[in-house]
Amino acid sequence: MTTEISSAGPAFTELGLAEPILRAVADTGYTTPTPIQAQAIPQVLAGGDLLAAAQTGTGKTAGFTLPILHLLHSRKVETRPGRPRCLILVPTRELAAQVEESVKTYGKHLSLTSMVMFGGVNINPQFKALKSRVDLLVATPGRLLDHLGQKTVDLSGVEILVLDEADRMLDMGFIRDIKKVLAVLPKARQTLLFSATFSDEIRALANGLLHNPKSVEVARRNTTVEVVEQSMHRVPQAHKRDLLVHLVRRHDWQQVLVFTRTKHGANKLAEKLMKEGIAAAAIHGNKSQAARTRALASFKDGSVRVLVATDIAARGIDIDQLPQVVNFELPNVPEDYVHRIGRTGRAGATGCALSLVDDEEMGYLRDIEKLIKRSIVRVEVDPAFVPPARHELASDERPPQGRGAPRQNNGPRQGRPQGQGQPASRNASGRVSPGQGKPGAAAVKPVPRPGPQPAAHPKKPRPQAALFSSKPGSRGH
Ligand code: AMP
C-alpha cells in the first residue's frame, strides 16, 4: 500500500455503491476509499465522462471498477455472447491481468462476468471464452484488434469505455490501434480516461473523446522522491555490467529490481549475472506471459535476487516496497525515473535507488533532476571495483567508437538525440573523480570503505511483507 492510500474522506458505505459490491470491498479489508476513489466513484456513478490524473498505487483500479460494476449491475440489459458492456483498454498484459483480477474480486457477489484478453498467448482459449457472456472485457489494444478482425468480439454493446494508463498506451505507440477500436464503439457511451501524466497528446486524445468531462486529480507520486535515497555513479556503459555484479556482492543485495532501457540489454545483463553465480531473470515484452509470471514469482519467493526489467514490462506490476532499485541506464523519459524509483521507499519504508550513468546519459540526468527538483547525489565508484579489461568485454559492451553511437530503443517514445552529455575526464580505471560531474557536482558523498566481502551468497531473510500483497483484490499474481 502506498502513502496516498490513507485518507480521511467518506466511508465506502457513503458512496452509493450497491450492497454486494460493498460486501466485496469489506472482504478485501479496505475501510476507507483512497482520495482517487473518493473523488472518482461519485463522478462515474453520475454517468458522465471522466478525466482522471492518477498513477498506479493510488487505488485507481477500484476507483473505476467499483462504480462500473455498480452501473452494469443496476442496468438490466439483455446480453449476448462475446458482446461486452464495458471495455477497459490497458497498455500491458500484466496490467490487463491485474485489472481483471480486481473486477473479479470486487464483482464476486454479482452475476456479472469478465474476461481478460492480451497477446503473446494462445488465442484459442479467448475464442472459446468469447462464445459465452462477457460483461466486462479487459484488453490490450493489439489483441483486441485481432479479435475485431476475426469478428470474434462485438463491441456494439459497449456502454462504458475505460482507457487506463492512457499516457503509457500512447508512449507504446498504441494510438492508431486505439483509434481503430474507438471507430467501432457506440457513440453514446460513458468514457473514462486515466493517465499519470498529461502531455499535449493526451489532452488532444481527451478532447476528441470525452464530452464535458469532470476531472479528478490526486497528488502525483513524485512525492516518493522525498523518501527514496537517490544516488548515482558516473560509469562508462561498458563497465556497468561488471559494476552491478560487484555492487550486488558488495552490498549483499538479496532483492534488487534493475531497469534497463532495452530488451536486449535486459537479457544480456541477466545472462551476465547468472554467469557470475547471481540468480537473475529478465522480464520484457518479448518474453512469453508464462516466462514473465515465472520470473516474477521467483523474484517474490527469493530464488531470483535480481530482476531485470524494461520500463514497459515493469509498468503496472504491483511490486513495491523493494529495498533497492537500480537504473542500469537512465530512462529517456524523465517521468519513468519517478515510476521506477516509486518501486521502493513506499509508505515510509526506506528505499534506495542507484543510477549508473554514462557520459552519454548526462542530458537525461539533467531532465530528471529538473523534474524532481533536486540533484541526485554523485557517489564515487567503490575503489575496490576493478573495471573489466578491454579484451574481456563482450562486443556489445565495448565503448562505442564515436560519441552518439546508436543505441537500441524500446519503442516510439519521446527520445532525445544522443550525445548531449558533458564529457568528463576520467582516471586510468575509467572512474570519474569527485567534482567532475555537472550539475550538483559538489554533492559528492564518499563511498563507505568496503567491508568484508560476504563469502558465497548467503541467503538472508528479507523483508517480504509488502511485496505482492496476498490480500484479495491486491495485485499479486
Ligand atoms: P492501484 O492504484 O489500483 O494499482 O491500487 C494500488 C493498491 O492499493 C492495490 O494493491 C490495491 O489492492 C490497494 N487498494 C486499493 N484501494 C484501496 C483502499 N481503499 N484501501 C487500501 N488499499 C487499497
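Rules used throughout
- Residues numbered from 1 in each chain as written.
- Predicted model: local features only at pLDDT ≥ 70, side-chain atom pairs only at ≥ 80, totals over all residues.
- Helix = DSSP H or I, 4+ residues; strand = E, 2+ residues; numbered from the N terminus.
- Contact = placed C-beta atoms within 7 Å.
- Pairing = 2+ DSSP bridges.
- Axes fitted to C-alpha atoms, helices over the stretch in contact; angles between N-to-C directions.
- Buried ≥ 20, exposed ≤ 12 C-beta atoms within 10 Å, placed from the backbone.
- Parallel < 35°, antiparallel > 145°, perpendicular 65-115°, else oblique.
- Left-handed = near helix turned anticlockwise from the far one by under 90°.

Novice: Would you mind going over the overall build of the chain with me for this structure?
Specialist: The helix and strand tally for the chain stands at 16 helices and 14 strands. Expressed as a percentage of contacts within the chain between residues at least 6 apart in sequence, the contacts between residues at least 24 apart total 78%.

Novice: Explanation requested: the sheet that holds strand E10 (residues 280-283) in the structure shown.
Specialist: Hydrogen bonds between backbone groups are what pair the strands of a sheet, and the pairing can be parallel or antiparallel. As summarised here, the arrangement of the seven strands in space is E10-E11-E9-E12-E13-E8-E14, forming an open sheet in which the pairing is parallel. The two strands at the open ends of the sheet, each matched to only one other strand, are E10 and strand E14 (377-378). Note: strand E9 (residues 256-260) against strand E12 (residues 324-327), four bridges, orientation parallel. Its bridge partner lying in E12, Val-256 is registered against Gln-324.

Novice: Explanation requested: the sheet that holds strand E7 (residues 214-217) in the structure shown.
Specialist: Pairing is parallel in the open sheet, where seven strands are placed in the order E3-E4-E2-E5-E6-E1-E7. Two strands lie at the open edges of the sheet, namely strand E3 (114-117) and E7, each paired on one side alone. The average undirected angle you get between the axes of adjacent strands in this sheet is 15°. Two elements, strand E2 (residues 86-89) and strand E5 (residues 160-163), share four bridges in a ladder whose sense is parallel. If you follow Cys-86 over to E5, its bridge partner there is Ile-160.

Novice: Hey, could you run me through the environment of Glu-94 in this one?
Specialist: Along the polypeptide, Glu-94 turns up in helix H4 (residues 93-106). Distance from Glu-94 to Gln-289, taken between C-alpha atoms, is 8.3 Å for residues 195 residues apart in sequence.

Novice: Looking at this structure, how should I read the pairing of strand E1 (residues 50-53)?
Specialist: Consecutive side chains along a regular strand alternate between the two faces of the sheet. By the alternation rule, side chains of E1 split into Leu-50 and Ala-52 and Leu-51 and Ala-53, which are all buried. Note that E1 and strand E6 (residues 190-195) share four bridges and pair parallel. Residue pairing for E6: Leu-50 is matched across the bridge by Leu-192. Strand direction decides the pairing type here: E1 and E7, joined by four bridges, are parallel. Paired with Ala-52 across the two strands is Val-216, which belongs to E7.

Novice: I keep staring at the packing of helix H3 (residues 60-74) against H4 and nothing clicks. Help me out?
Specialist: If you want to describe how two helices pack, look at the angle between their axes and the distance between the axes. Between H3 and H4, the least distance of the axes is 10 Å, while the angle of their chain directions is 45°. With respect to each other, H3 and H4 are oriented oblique. Helix-helix and strand crossings are classified by hand; for H3 and H4 the assignment is right-handed. Between H3, through Thr-61, Ala-62, Thr-65, Leu-66 and Leu-69, and H4, the contact on the second element is made entirely by Val-99, Ser-102, Val-103 and Tyr-106.

Don't take any of this as a statement about function, it's just geometry.
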